Amino acid sequence: MSNNRIHAVVSDIVNGIRQVLVRHGVTFDEYRAGVMYAVKTGEAGEIPLMLDVFLNSTVSDIENAAYGGTEGTIEGPYYLPNAPIIPNGGEILTYDDDRNVPMVVRGTVKDLEGQPIAGATVDIWHSTPDGYYGGIHNDIPANYYRGKVLTDSEGRYFVRSTVPVPYKIPDQGPTGALLEMMGGHSWRPAHVHFKVRADGYHTLTTQSYFEQGDYVEDDCCNGVRPVQVKPDVRENGEKVIENDFQLAPDVIAS
Ligand code: DHB
Ligand code: FE
């Protein structure tokens, strides 16, 4: 980011905040309370969480408009770059659990002309049946509930896993407290995360959600876009999440 761009963006942020302070007649005590709130958020290690909750989806929308291809959405804080490679047709590691609903995650990766992209990496991660992430929560190993599958010569990928559930972002800290003070809640609808990469293409970060699922219409992170909400398809007792991803070239469309 050039110094000019930093100047342009940061001055506009400061001017925007000044206008809000004036519009609401914010007092010095309120301003100080806000500063202390920012300090607490930092101390709790929740600066990324707080900024992502309010702003990441807007940046995703900007990238969607700039690049084209399948609509991206928020990455969330639990992406880990070193997920295991799962053979095409194989299974993501999951625990045996009475609550497991088997899930097939499949589809294709193509370019904007509809030509298959072979050897694209589809990196998938999602929660356990009780809403936790491998490598992040409760000592679940980092190679569980996440994996990378490479597309075949026709751009196809296919893995098995288990259905995730709605996820409550940490609500003990300042971010959850703020959402609740604002009359909201800290739930995200059940979702499967994807990061799709291929040489020469803009990396797509997106999610799939389940039609009729709790919080799909009311995501605390504003991360749901209608095309990402998947119909309830079941085959032989397995829930099917199908995505035909289209990757845009790695240049901003003019
Ligand atoms: C958060 C967690 C997620 O799993 C996600 O997809 C997005 C946000 C969070 O804790 O903020
Ligand atoms: Fe998530």
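These figures come from a predicted structure and were not determined experimentally. (Residues numbered from 1 in each chain as written. Chains lettered and ligands numbered in written order. Predicted model: local features only at pLDDT ≥ 70, side-chain atom pairs only at ≥ 80, totals over all residues. Heavy atoms only, no water.)

Helices and strands together make up the secondary structure of the chain, namely 4 helices and 11 strands. A globule of 254 residues ought to have a C-alpha radius of gyration of about 18 Å, and the chain, at 20 Å, matches this closely. In terms of principal-axis extent, the alpha carbons of the chain reach across some 60 × 50 × 30 Å. Going through the 254 residues of the chain one by one, you find that 41% of them count as buried. (Helix = DSSP H or I, 4+ residues; strand = E, 2+ residues; numbered from the N terminus. Rg over C-alpha atoms; globule rule 2.2 N^0.38 Å. Buried < 20%, exposed > 50% of the residue type's maximum accessible area, 1.4 Å probe, protein only.)

Further remarks concern a nonpolar patch on the surface. Taken together, the side chains of Met-1, Ile-6, Val-9, Val-10, Ile-13, Val-14, Ile-17, Leu-21, Val-26, Phe-28 and Tyr-31 define a hydrophobic patch exposed on the protein surface, amounting to about 970 Å² of accessible area. Only helix H1 (3-23) and helix H2 (28-43) provide two or more residues apiece to the nonpolar patch. By residue number, the principal contributor to the nonpolar patch is H1, which donates 7 residues. On the secondary structure map, Val-26 appears in the loop between H1 and H2. (Patch = residues over 30% accessible without salt bridge, like charges linked within 9 Å, V, L, I, M, F, W, Y side chains within 5 Å. Areas by Shrake-Rupley, 256 points an atom, 1.4 Å probe, with all protein chains shown as cover. Salt bridge = Lys/Arg side-chain N within 4 Å of Asp/Glu carboxyl O.)

A word on H2. Taking 1.5 Å per residue, 16 residues should reach 22 Å; H2 reaches 23 Å between its end C-alpha atoms and fits that length. One or two positions beyond H2, positive phi appears at Gly-45, with a value near 70°. (Expected span 1.5 Å × (residues − 1).)

This brings us to the coordination of the iron ion (ligand 2). The coordination sphere of the iron ion (ligand 2) contains the protein donors Tyr-133 (OH), His-191 (NE2) and His-193 (NE2), at a distance range of 2.0 to 2.1 Å. All donor residues of the iron ion (ligand 2) come from one chain, and their arrangement in sequence is Y-x57-H-x1-H. Taken together, the residues span a long stretch of sequence, with Tyr-133 in the loop between strand E2 (121-126) and strand E3 (146-150) and His-193 in strand E7 (residues 191-197) at a distance of 60 residues. His-193 carries the same exposure label as Tyr-133, and that label is buried. (Donors = N, O, S within 2.8 Å, 3.2 Å for Na, K, Ca; no water.)

Turning next to the side chain of Thr-206. Note that Thr-206 resides in strand E8 (residues 204-210). The class for Thr-206 is buried, based on a relative accessible area of 2%. Of note is the side chain of Thr-206, whose polar atom sits 3.1 Å from the side chain of Gln-228. Apart from the residues within four sequence positions on either side, Thr-206 is in contact with Glu-71, Gly-72, Thr-73, Val-192, His-193, Phe-194, Gln-228 and Phe-245. (Polar contact = N/O pair within 3.5 Å; in protein donor to acceptor, adjacent residues only side chain to side chain. Contact = heavy atoms within 4.5 Å.)

What follows concerns the packing of H2 against helix H4 (residues 174-181). A pair of packed helices is characterised by two quantities: the angle between their axes and the separation of those axes. Relative orientation of the contacting elements H2 and H4 amounts to 135°, with a least axis distance of 9 Å. Considered as vectors, H2 and H4 are oriented oblique to each other. Where H2 abuts H4, its residues Tyr-37, Lys-40 and Thr-41 lie against Pro-174, Thr-175, Ala-177, Leu-178 and Met-181. (Axes fitted to C-alpha atoms, helices over the stretch in contact; angles between N-to-C directions. Parallel < 35°, antiparallel > 145°, perpendicular 65-115°, else oblique.)

So, about the environment of Lys-195. Looking at the secondary structure, you find Lys-195 in strand E7. Judged by its relative accessible area of 8%, Lys-195 falls in the buried class. Residues contacting Lys-195, with those up to four places away along its chain left out, are Glu-75, Tyr-79, Thr-121, Val-122, Asp-123, Trp-125, Thr-203, Leu-204 and Thr-205. Engagement of the side chain of Lys-195 in a polar contact is seen with the side chain of Glu-75, the distance being 2.6 Å.

The next subject is the site of ligand 1. Neighbouring ligand 1 are 13 residues, the closest being Leu-49, Tyr-133, Arg-188, His-191 and His-193. In the environment of ligand 1, an oxygen atom lies 2.9 Å from a nitrogen or oxygen atom belonging to the side chain of Tyr-133. Contacts to ligand 1 include His-191, whose side-chain N or O atom sits 3.0 Å from an oxygen atom. A class-by-class count of the residues in the shell around ligand 1 yields 8 nonpolar, 4 polar and 1 charged. (Near = heavy atom within 4 Å. Nonpolar A, V, L, I, M, F, W, Y, C, P; charged D, E, K, R; others polar.)

Next up on the list: the confidence of the model for the chain. For the chain, per-residue confidence averages 94 on the pLDDT scale, and 99% of positions sit at 70 or higher. Of the two predicted TM-score estimates for the complex, the pTM is 0.90 and the ipTM is 0.94. (pLDDT = per-residue confidence, 0-100.)

Let us now look at the packing of aromatic side chains. The final tally for this structure, using the stated rule, is 11 aromatic pairs. Ring centres 5.4 Å apart and planes at 0° place the aromatic pair Trp-187 and Tyr-215 in the stacked group. Taken together, the positions of Trp-187 in strand E6 (residues 187-188) and Tyr-215 in the loop between E8 and strand E9 (229-230) put the pair 28 residues apart, joining distant regions of the chain. Pairwise contacts between aromatic rings join Tyr-78, Tyr-133 and Tyr-167 into one cluster. Taking NZ or CZ as reference, Lys-195 lies 5.0 Å from the ring centre of Tyr-79, over its face. (Phe/Tyr/Trp six-rings, centres within 6.5 Å; stacked < 30°, edge-to-face > 60°. Lys NZ or Arg CZ within 6 Å of the ring centre and 35° of its normal.)

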